[in-house]
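# Chains, contacts and geometry: an overview
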Amino acid sequence: MKRLISSALAFILATSVYAATPIFEIEIRNHLFQPDTLTIPANTKVKLIVYNRDPTPEEFESYELNREKVIMGGGKAVIFIGPLSPGEYPFFGEFNPQTALGTIIVKGTNDAD
Amino acid sequence: MLINSVILVLREVLEAALMISILLAASRFLQVRLRWLYYALGIGLVGATTYAKLLNPISELFEGVGQELVNASLQYGTFAALSLVAFLISRRRNVDNSNHSTLPVTMAVAVALAVTREGSEVLIYVSGFVQMNDFLGSVGVGSLAGAAIGFSVGVLFYYLLLAIDSRRALMISLLLLGLAASGMSAQATGLLIQADWLSVSGPLWNTSAYIAEDSLTGQLLYALVGYEASPSSIEVATYAASITIMALSTLLGWTLFAKRSDEPQ
């Protein structure tokens, strides 16, 4: 019985983790996004965490994603994105738009693997 | 580097400058003294500095979406103040000696909230480059140029409104104010989506092929009416609801006191 409960618990835990919003992480270093390309699944809401490793502030901005958020030097930002249809969505650092450039590639669930 | 600073500061200044010029023109038509603007700018600057200083801890709040929530509150707050302004302006039309201080105070609240939001971003931007001394020259010049262009567009807009026949100008001011305020309210809803406080299924339409958001027209329309190329259904609904609220508060002010204007003077 105990085993049944614990395996049921494990199953619930596993499914809830599976159902949770997927998390993706990007860093800003020397006014560059690392990585500068991120592939996320289509039609899925994802949680993007951007760590600013520079001492200076940056603003994550994307017209295509309708997102805009200031990230202080040494700080981090949580930005929710999607659900999106497949395609390419460029983003940039508004405070350093010449160097801080990146793209989010949204791929359909079929070719995600 | 120079042109980046011009564009960034211009974008932030333009929205506030257009709103201020509409409110200033309305003040002129209604013979409201312009002193409220000094208080609004002063309070707005203090607000912007405080917000910029506290941005890091604020961002950490509410599981990392504190910044979105504060910005959305400032935007919704500006909208609320502007809808009260619309009511008071249209009431003023009929009641000359009605409560003199309410209208300027409400205008000041709207401007102070907008300056807090837009100003904090400019301050954070500039402060980052002050840290790296070498950029200060071109960033400083660019920021000043951006602010100057934004200010000039505001002044131009103000005189454009004053040049119109005054009966019509007040209606046009109210219409522009309604569109600008509704744009801010829709942007606030966009921030709640970004914070995952509201869920969306995707954009309702996409007009970026016709007017790109980063084009000159797109930027001007953004500042004037809150143009968004690919809005979600909730943002469109917010915009529609906000326009309705602005129209209703204008009509309410217009009709509630309309009888008195029929009386001989």
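Calculation criteria
- Residues numbered from 1 in each chain as written.
- Chains lettered and ligands numbered in written order.
- Predicted model: local features only at pLDDT ≥ 70, side-chain atom pairs only at ≥ 80, totals over all residues.
- Helix = DSSP H or I, 4+ residues; strand = E, 2+ residues; numbered from the N terminus.
- Rg over C-alpha atoms; globule rule 2.2 N^0.38 Å.
- Buried ≥ 20, exposed ≤ 12 C-beta atoms within 10 Å, placed from the backbone.
- pLDDT = per-residue confidence, 0-100.
- Contact = placed C-beta atoms within 7 Å.
- Nonpolar A, V, L, I, M, F, W, Y, C, P; charged D, E, K, R; others polar.
- Axes fitted to C-alpha atoms, helices over the stretch in contact; angles between N-to-C directions.
- Left-handed = near helix turned anticlockwise from the far one by under 90°.
- Core = buried A, V, L, I, M, F, W, Y, C linked by C-beta atoms within 7 Å.
- Pairing = 2+ DSSP bridges.

A count of helices and strands for chain B gives ten helices and zero strands. The helix and strand sequence of chain B, counted from the amino end, reads α-α-α-α-α-α-α-α-α-α. By the compact-globule yardstick of 18 Å for 265 residues, chain B fits well, its C-alpha radius of gyration being 19 Å. Overall, the C-alpha framework of chain B stretches about 65 × 45 × 35 Å when taken along its three principal axes. The burial tally for chain B puts 46% of its 265 residues in the buried class.

What follows deals with the confidence of the model for chain B. Residue and element names in this part refer to chain B. Counting all residues, the mean pLDDT for chain B is 90, and 92% of those residues have values of 70 or more. In the model of chain B, helix α10 (residues 258-262) stands out as the element of lowest mean pLDDT, 54, in contrast to helix α2 (residues 35-53), which has the highest, 96. Across residues 261-265, confidence stays below pLDDT 50; counting only partners more than four residues off in sequence or on other chains, it has one contact. Interface confidence for the predicted complex, given as ipTM, is 0.87, next to a pTM of 0.88.

Moving on, we come to the interface of chain B and chain A. How big an interface is tends to be stated in terms of accessible area lost as the parts join. With 25 residues of chain B at the contact, the number on the chain A side is 19 residues. Those elements giving two or more residues to the side of chain B that touches chain A turn out to be α1 (2-29), α3 (55-64), α5 (102-131) and α7 (166-194) of chain B. Each residue belonging to the side of chain B that touches chain A can be placed in one class, and the counts come to seven nonpolar, twelve polar and six charged.

To continue, consider the packing of α7(B) against helix α9 (residues 233-256) of chain B. Residue and element names in this part refer to chain B. Contact geometry of α7 with α9 gives a least axis separation of 8 Å together with a crossing angle of 145°. The element α7 and its partner α9 pack so that their crossing is right-handed. Of α9, the residues touching α7 (which contributes Leu-174, Gly-178, Ala-181, Ser-182, Ser-185, Ala-186, Thr-189, Gly-190 and Ile-193) are Ile-234, Glu-235, Thr-238, Tyr-239, Ser-242, Ile-243, Met-246, Ala-247 and Thr-250. Grouping the amino acids of the contact of α7 with α9 by side-chain chemistry returns nine nonpolar, eight polar and one charged.

Turning next to the nonpolar core. Residue and element names in this part refer to chain B. Core analysis: the largest hydrophobic core is formed by 94 residues, its most contacted members being Met-19, Ile-22, Val-85, Ala-110, Val-111 and Leu-177. With 16 residues, the top contributor of residues to this core is α1. For Val-111, the residues in contact, after removing those within four places along its chain, are Met-19, Ile-20, Leu-23, Leu-37, Ala-40 and Gly-44.

Moving on, we get to the sheet that holds strand β7 (residues 76-81) of chain A. All names here are of chain A. Pairing is mixed in the open sheet, where four strands are placed in the order β2-β1-β4-β7. The open sheet has two edge strands, β2 (32-34) and β7, and neither has a second partner. Between one strand and the next, the sheet's axes are offset by a mean angle of 25°, whatever the strand orientation. Relative to β7, strand β4 (residues 46-52) is paired through six bridges, and the arrangement is antiparallel. Opposite Val-46, over in β7, you have Ile-81 as the bridge partner.

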